[in-house]
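Per-entry structural report
If you want the building blocks of each chain, they are given just below.
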Amino acid sequence: MSGEDTVTSLASTLKLSKENFVSNHSGTNLAELCILFAVVPCVTFLLQLHGSPCQPGLLCPVSQSACIVLPTVLAVVSNNLIWAWLLIVLVLVSVSVGWSSLPHTVAITRSLQHLAEQPTKSYITSVRGTTLLCTAICILAVDFHAFPRRFCKAEKFGQGLMDIGVGAFVFSSGISSRPAPLTRPYKGIVRNLERNGVLLILGLIRLCSVKTLEYQEHASEYGVHWNFFLTVAAVSTVMALVPIPRSHAIEAGSVVLVGHQLALNCGLMEVIHADVRGPQLWHLNKEGLLSLPGYWALSLLSVGLSSYLHPEYGRPDQEGAQVSDRYVWLWFRKLLAIIALLWAALSGALQWVQPVSKVL
């Protein structure tokens, strides 16, 4: 065997070893994921409550980033949740101390009123920032033994920390979306397609770089050629080309979701989970392509929730306007009702439909 063949054989063995290291995992439980996902919002809340640890200047962004990134890294790479629980306890103590000087009803009303009056909702920004930060940390850490294997992407059924990414991006994009102006509705469609072009280019760049550098591939996630950027671009393109009124987005999303689940129960699930791949391009990327209806349904449902929680979106005369105490408590009750309904729907789906599966 020549030296070139030996190098090629070693490279193939190393690639296979790395693929096995990040594959065939079953994930973790939902409670642990919720606690981990609360780390960044908790740190951000503490910084806003007690002020920045530095004076405005060049080092301020660096110190703030360190205060947010380091606790997140510690929570992700540790095998226990002590750091996450510590942050949650600090938040609860800070909230209790802050509200002790005011009547509880007044303190809660002021906090909720501030959230409701914000044109750009800080809680949505926090979710999107948390998703970006956790995604970046997990992508960099997954190749190291310090990263717990239960946080890796689950193979067929189950949920790991790295499985949250694409769903969280689709949901946060829908919940923060605004309707296109009625006078020029096609302008919003064109702008959406331009953004999707950037995602398409990123998807192609990732595909070419992975194939060129012989980087390890988790084909059971999206397929042989498909990837995260192409999924987000495809869902966003469908949302732009199939305009559905925001007032009917929940009904449309429910129809798509039920239809997709019926297709899975009628044999589509076996096609997606089958280890054999045909020569056709769609069959090589069956996981990524056949999961698109599920992500489309998620995007529609999130847009519907946005129109329910943020009726002022698309109405410039109401965005940022002062709201009454009655409106604040009505909005808070709607938020609690949605949270309870979503948890109930998840529990019912897990018990009577099927386990969680990102590839479906």
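Residues numbered from 1 in each chain as written. Predicted model: local features only at pLDDT ≥ 70, side-chain atom pairs only at ≥ 80, totals over all residues. Heavy atoms only, no water.

**So, the overall build of the protein**
Let me state the cut-off plainly: The numbering of helices and of strands both runs from the N terminus, where a helix is a DSSP run of H or I of at least 4 residues and a strand a run of E of at least 2. Burial status follows relative accessibility: with a 1.4 Å probe on protein chains alone, a residue under 20% of its type maximum counts as buried, one over 50% as exposed, and anything between as partly exposed. It only takes one pair of heavy atoms within 4.5 Å for two residues to be counted as in contact. Residue exposure ignores everything except the shown protein chains as possible cover, and the areas themselves are Shrake-Rupley values with a 1.4 Å probe.
When you go through the protein residue by residue, the secondary structure sums to 16 helices and zero strands. A burial count over the protein gives 37% of its 360 residues as buried. If you take every contact in the protein between residues at least 6 apart in sequence, the share linking residues at least 24 apart comes to 80%. Accessible surface computed for the protein: about 20,400 Å², of which carbon and sulfur atoms make up 70%.

**Considerations on the side chain of His283**
For His283, the position within the fold is in helix α13 (residues 281-284). When near neighbours in sequence (up to four residues on either side) are disregarded, His283 contacts Val276, Arg277 and Gly278.

**What to know about a nonpolar patch on the surface**
Filter applied, for reference: Patch definition: residues above 30% relative accessible area lacking any salt bridge, with like charges linked at up to 9 Å and the nonpolar side chains Val, Leu, Ile, Met, Phe, Trp and Tyr linked at up to 5 Å. Each reported salt bridge corresponds to a side-chain nitrogen of Lys or Arg within 4 Å of a carboxyl oxygen of Asp or Glu.
A surface patch of nonpolar side chains, amounting to about 360 Å² of accessible area, comprises Val198, Ile201, Leu202 and Ile205. Position of Ile205 among the secondary structure elements: in helix α9 (residues 185-213).

**Describing the nonpolar core**
Counted only if it meets this: Among buried residues, those of type Ala, Val, Leu, Ile, Met, Phe, Trp, Tyr and Cys that are joined through side-chain atoms within 4.5 Å constitute a nonpolar core.
Counting residues in each nonpolar core, the largest one holds 26 residues, and the members touching the most others are Phe147 and Leu161. Of all the secondary structure elements, the ones that give two or more residues to this core are α2 (30-37), α3 (39-50), α4 (59-77), α5 (82-99) and α7 (122-141). Every residue in contact with Phe147, bar those within four places of it in the chain, is listed here: Val76, Cys138, Ala141, Val142, Cys152 and Met162. Counting twelve residues, the second largest nonpolar core, distinct from the first, contains Val232, Ala234, Val235 and Tyr295.

**Points about empty space enclosed by the protein**
Cut-off, in case you're wondering: Every definition here rests on a 1 Å grid over the protein atoms only: cavities are sets of points where a 1.4 Å probe fits but cannot get out, pockets are open sets enclosed by protein on both sides within 12 Å along at least five of seven lines, and lining residues have some atom within 4 Å of a point. Grid points are joined across faces, edges and corners, and a volume is the space filled by probe spheres set on the points. All amino acids are sorted into three groups, where Ala, Val, Leu, Ile, Met, Phe, Trp, Tyr, Cys and Pro are nonpolar, Asp, Glu, Lys and Arg are charged, and the leftover types, Gly among them, are polar.
Applying the stated rule across the entire model yields one cavity of 30 Å³ or more. What the largest cavity holds in volume is close to 40 Å³. The wall of the largest cavity is formed by Lys153, Ala154, Glu155, Asp163, His218, Ser220, Glu221, Lys358 and Val359. Considered class by class, the residues forming the lining of the largest cavity number two nonpolar, two polar and five charged.

**Observations concerning the environment of Leu298**
Tracing the backbone through its elements, the reader meets Leu298 in helix α15 (residues 292-309). Sequence separation between Leu298 and Val235 is 63 residues, and the spatial gap between their C-alpha atoms is 9.7 Å. With residues up to four places along the chain from it excluded, the contact list for Leu298 reads Gly167, Val170 and Phe171.

**Some thoughts on the confidence of the model for the protein**
For the record, the criterion: Known as pLDDT, the predictor's per-residue confidence is scaled from 0 to 100.
Of all residues in the protein, 76% attain a pLDDT of 70 or more, and the chain-wide mean is 78. Mean pLDDT across the elements of the protein ranges from a minimum in helix α6 (residues 104-117), with 54, to a maximum in helix α12 (residues 249-273), with 92. Below a pLDDT of 50 lies the segment residues 316-320, which in the model reaches eight contacts outside its immediate sequence neighbourhood of four places, other chains included.

**With respect to the packing of aromatic side chains**
To keep things clear, this is the line we draw: Two rings from Phe, Tyr or Trp (for Trp, the six-membered ring) form a pair when their centres sit within 6.5 Å of each other. Planes less than 30 degrees apart are called stacked, planes more than 60 degrees apart edge-to-face, and all others tilted.
Evaluation of the coordinates by the stated rule reveals three aromatic pairs. Ring geometry for Phe147 and Phe151: centres 6.1 Å apart, planes at 70°, overall edge-to-face. An identical accessibility class is assigned to Phe147 and Phe151; each is buried. Ring centres 5.3 Å apart and planes at 70° place the aromatic pair Phe228 and Phe229 in the edge-to-face group. With a relative accessible area of 22%, Phe228 lands in the partly exposed category. In textbook terms, an aromatic cluster arises when at least three aromatic residues are bridged by ring pairs, as seen for Phe169, Phe228 and Phe229.

**Some details on helix α8 (residues 164-175)**
The α-helix winds at 3.6 residues per turn, so residues separated by three or four positions along the chain end up facing the same way. This is how it is decided: Every helix has an expected span of 1.5 Å times one less than the residues it contains.
For α8, spanning twelve residues, the distance from its first C-alpha to its last is 16 Å, which sits close to the expected 16 Å at 1.5 Å a residue. What α8 keeps buried is the set Gly165, Val166, Gly167, Ala168, Val170, Ser172, Gly174 and Ile175.

**Topic: α2**
Test applied: Taken from the helix axis, the directions to the C-beta atoms give the arc we talk about. Pairing of N or O atoms within 3.5 Å defines a polar contact, subject to two protein rules: one partner must be a possible hydrogen donor and the other a possible acceptor, and residues neighboring in sequence count only if both atoms are side-chain atoms.
For α2, every residue scored as buried is listed here: Glu32, Leu33, Ile35 and Leu36. Buried residues of α2 fall within an arc of 160° about the axis and therefore sit on the same side. Its side-chain oxygen at 3.3 Å from the backbone nitrogen of Ala31, Asn29 defines the N-terminal cap of α2.

**Some points on the pattern of salt bridges**
Throughout the structure, instances matching the rule amount to four salt bridges. The partner of Glu221 in a salt bridge is Lys153, with the nearest N and O atoms 2.8 Å apart. A residue pair is termed long-range when its members are at least 10 positions apart, and Glu221 in helix α10 (residues 219-222) and Lys153 in the loop between α7 and α8 qualify at 68 residues. Exposure remark for Glu221: the relative accessible area of 10% places this residue in the buried category. Note that Glu287 is salt-bridged to Lys286, the shortest N-O span being 3.4 Å. According to the relative accessible area criterion, Glu287 is buried, its value standing at 3%. In this structure, a network of salt bridges that share partners links the residues Arg277, Lys286 and Glu287.

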